[in-house]
Amino acid sequence: MPNTDDIEATLLKLVTERGPGKTISPTDVARALGGDHPDGWGPLMQPVRRAAVRLMKTGRIVLLRKGRPVDPEDFRGVYRIALAEMEEGPGSNSDVRPASQ
C-alpha cells in the first residue's frame, strides 16, 4: 500500500501533467498507484480522497463537483481534481480557484 507522500506526489504529478483548466479523476490516481485491476486500485480510493482534501486545504489543488469547488470538509459523491491558482491583487481575498486555460 502506497504511503501518504506517494499518493500526494502521484496526484500532483497527474494533475500537473493534465495542465491548467483540466481535471483528473481520483480513480486516475488510484490506478496509477494500484494498477488496472479493481483489487489493486479500489482500496486506494479513500486514501486518495484524504490526500486530495489535504492538498486542497493547502491551496495546491481544487476539488470540483459538477464543475464547482466543494467544501473539503463536507462533500459527497463524484468529484474531480484540478490545479489551483492563487488570485492576488486589489479586492481579492486570495481565493483559490481552478487554474484557467
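Everything discussed here concerns the structure shown above.
Since we're looking at a predicted model, the values are computed, not measured.

Visitor: Can you walk me through the nonpolar core in this structure?
Guide: The nonpolar side chains of soluble globular proteins are, as a tendency, buried together. In this structure, L11, V48, I61, L63 and I81 are the most contacted members of the largest nonpolar core, which totals 26 residues. Broken down by element, this core gets its largest block of residues, 6 residues, from helix α4 (residues 45–57). Those residues in contact with L11 that lie beyond four places of it in its chain are I24, V29, V48, A52, L55, I61 and I81.

Visitor: Would you mind going over the packing of aromatic side chains with me for this structure?
Guide: Working definition: an aromatic ring pair is given by the centre-to-centre distance plus the angle between the planes. Enumeration over the complete set of coordinates arrives at 1 aromatic pair. Both rings, one in F75 and one in Y79, keep their centres 5.3 Å apart while their planes meet at 75°; by these two values the pair is edge-to-face. This pair shows no difference in class: F75 is buried, exactly as Y79 is. The cationic tip of R49 hangs over the ring face of F75; the distance from NZ or CZ to the ring centre is 3.9 Å.

Calculation criteria
- Residues numbered from 1 in each chain as written.
- Predicted model: local features only at pLDDT ≥ 70, side-chain atom pairs only at ≥ 80, totals over all residues.
- Heavy atoms only, no water.
- Core = buried A, V, L, I, M, F, W, Y, C linked by side-chain atoms within 4.5 Å.
- Buried < 20%, exposed > 50% of the residue type's maximum accessible area, 1.4 Å probe, protein only.
- Helix = DSSP H or I, 4+ residues; strand = E, 2+ residues; numbered from the N terminus.
- Contact = heavy atoms within 4.5 Å.
- Phe/Tyr/Trp six-rings, centres within 6.5 Å; stacked < 30°, edge-to-face > 60°.
- Lys NZ or Arg CZ within 6 Å of the ring centre and 35° of its normal.

By themselves these figures say nothing about function.
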